[in-house]
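# Descriptive structure summary
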Amino acid sequence: MAQKKDSKAYGAYRNVVILTNVDVHAKRDQATIMTFGTQNVRTFTAGVDAIDFLSDNKVDLVLCDSSLDDMTGIKFTQIVRKNMSGRPMPIIMVTLENRKDHVLDSIAAGCIGYILRPYSLDTFEKYLILANQLDNYPEIEEMELQEAKDMVERGDFDEAIEAFEELISYQDEAQKYYDMGCQFMVQGKYGKAIVAFKKAVKINDLFAEAYKGLADAYKGKGDMEAYKKFVRKAADVHAQFDRLEETKALFIEILKFDSETPNPFNSLGVNLRKQGDYPGAIHAYRQALELTPNDENIYFNMAKAFYFMGKLEDASVNVIESLKKNPEFREANKLHQRIHGKPWTPAEGTPPRPADKPESQSAKDLDP
């Protein structure tokens, strides 16, 4: 193939790793990426070999197939994201797999693009350009964020607050990209969906950092109420995007000043449950237990979510755990009564597996 020196993608990725266990795919991907000025290409069939290479070498882009010798492409992406979080490592999935759940799992794993085989050169070019734009997005806002942080370091708290508040105004833009990603998913435009979702996540990361910066600025001014308010908001944003370690760090910081502050993952779970997203709520509650493992309210909330899903055995396990931690928990005892037809007593231990939900125990009688 002739080189496309007039392309916006030309020269963007000089060192590329191709990961696939299908020889014809490897040859096709290598020939294609070389047309965009890539100087060094390494091909691997096993994820573990590619990970070893990435650890010791500068790589600008990984083209990853869904099928590898030792793991899936999604598993490879998860490992890279977990172990190389300090290094930018754009990964584009290049695959025959067009199932919606595979696309969503790829998004969750951290892929920066999604190209379906067989692809045309124009399609490949388009996603290289989009991925490059996304990888550098949003540079201006990130510079503004750093400038605002520098103001806090210098003690210019009022100017910093003004700069952070301007950055926070970008929240609507994040929602716009999220909605756009949902529309692309419905249309089957998976590559564009990933780009849109990633932009939403990047803006929200910036948004969380701006909240934390705003908190630090108010702390510098001695306004501890405002400080606590904005640290909580930063924690809530991280919880929304399932960032456990970041949420945990902020939660611990809030607890130093307010021992009664609500667990951000528990708050997220309650909101999701009220919206009817019971699996999402349960995931949030499980994350909440990583922060406060002895909170009877979280076990009760999880039990309610399972109850509304019709999973009475799981609901029973969690409501009993809640009552073990607080035998006087009236609402938990009411839920136990609904599931088993009798109140819980510590002497009973774990009751037998509940039967199917009878008509008298309809979920409509329970506050969601």
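Conventions adopted
Residues numbered from 1 in each chain as written. Predicted model: local features only at pLDDT ≥ 70, side-chain atom pairs only at ≥ 80, totals over all residues. Heavy atoms only, no water. Helix = DSSP H or I, 4+ residues; strand = E, 2+ residues; numbered from the N terminus. Buried < 20%, exposed > 50% of the residue type's maximum accessible area, 1.4 Å probe, protein only. Contact = heavy atoms within 4.5 Å. Arc of directions from axis to C-beta. Salt bridge = Lys/Arg side-chain N within 4 Å of Asp/Glu carboxyl O. Phe/Tyr/Trp six-rings, centres within 6.5 Å; stacked < 30°, edge-to-face > 60°. Pairing = 2+ DSSP bridges. Axes fitted to C-alpha atoms, helices over the stretch in contact; angles between N-to-C directions. Disulfide = S-S within 2.5 Å. Right-handed = clockwise from strand over helix to strand, strands pointing away.

What follows is about the overall build of the chain. Along the backbone of the chain there are 16 helices and five strands. Expressed as a percentage of its 368 residues, the buried residues of the chain come to 49%. Put simply, of all contacts in the chain between residues at least 6 apart along the chain, 61% involve residues at least 24 apart.

Right, let's talk about helix H16 (residues 330-340) for a bit. Of the residues making up H16, those classed as buried are Ala332, Asn333, Leu335, His336, Ile339 and His340. Down the axis of H16, the buried side of the element spans an arc of 160 degrees, and every buried residue falls inside it. Where the residues of H16 are buried, they touch helix H14 (296-309) and helix H15 (312-325). With its phi angle positive at about 80 degrees, Gly341 sits one or two positions after the end of H16.

This part covers the pattern of salt bridges. Under the definition given, this model contains 12 salt bridges. A salt bridge links Arg117 to Asp29, with the nearest nitrogen and oxygen atoms 2.7 Å apart. Highlighted residues: Arg117 in the loop between strand E5 (113-116) and helix H5 (121-135) and Asp29 in helix H1 (residues 23-34), separated in sequence by 88 residues. No difference in accessibility class separates Arg117 from Asp29, as the two residues are buried. The shortest N-O distance in the salt bridge between Asp216 and Lys212 comes to 3.0 Å.

So, about helix H3 (residues 73-83). If you check which residues of H3 are buried, you get Gly73, Ile74, Phe76, Thr77 and Val80. All buried residues of H3 lie within an arc of 160 degrees about the axis, which places them on one face of the element. H3 presents Lys82 and Asn83 as exposed residues on the side facing more than 90 degrees away from its buried surface. Buried residues belonging to H3 abut strand E1 (15-19), helix H2 (47-56), strand E3 (61-64), strand E4 (91-95) and helix H4 (100-109).

What follows covers the packing of aromatic side chains. Under the criterion given, the structure shown has eight aromatic pairs. Ring geometry for Tyr278 and Phe308: centres 5.7 Å apart, planes at 10 degrees, overall stacked. Highlighted residues: Tyr278 in helix H13 (residues 278-291) and Phe308 in helix H14, separated in sequence by 30 residues. Judged on exposure class, the residue Tyr278 and its partner Phe308 are both buried. Where Phe300 meets Phe329, the ring centres are 5.0 Å apart and the plane angle is 50 degrees; that geometry is what we call tilted.

Here we take up the pairing of E3. Of the two faces of E3, the one carrying Leu61 and Leu63 and the one carrying Val62 and Cys64 are both buried. Pairing analysis gives four bridges linking E1 to E3, with the strands arranged parallel. Bridge pairing links Val16 to Leu61 in E3. Judged from the three bridges that link them, E3 and E4 form a sheet pairing that is parallel. Within E4, the residue paired with Leu63 across the bridge is Ile92.

Taken in spatial order, the five strands line up as E2-E1-E3-E4-E5 in an open sheet, and their pairing is parallel. Strand pairing shows two members of the sheet lacking a second neighbour, strand E2 (40-44) and E5, which therefore form its edges. Pairs of neighbouring strands in the sheet enclose a mean axial angle of 20 degrees, with direction left out of account.

Counted by the stated rule, this structure contains zero disulfides. Summary of cysteine pairing: Cys64 is not part of a disulfide, and the nearest cysteine sulfur, belonging to Cys111, is at 6.7 Å. Relative accessible area serves as the criterion here: at 0%, Cys64 is assigned to the buried category. Judged by relative accessible area, Cys111 falls into the buried class, the value being 0%.

What follows concerns the pairing of E4. Taking burial as the measure, the five residues of E4 include five buried ones, the bulk of the element. Residues Ile91, Met93 and Thr95 line one face of E4 and the alternating positions Ile92 and Val94 line the opposite face, and both faces are buried. Sheet topology places E4 next to E5; four bridges connect them, and they run parallel. Paired with Thr95 across the bridge in E5 is Leu116. Where the polypeptide runs from E4 across H4 and back to E5, its parallel neighbour, the crossover connection is right-handed.

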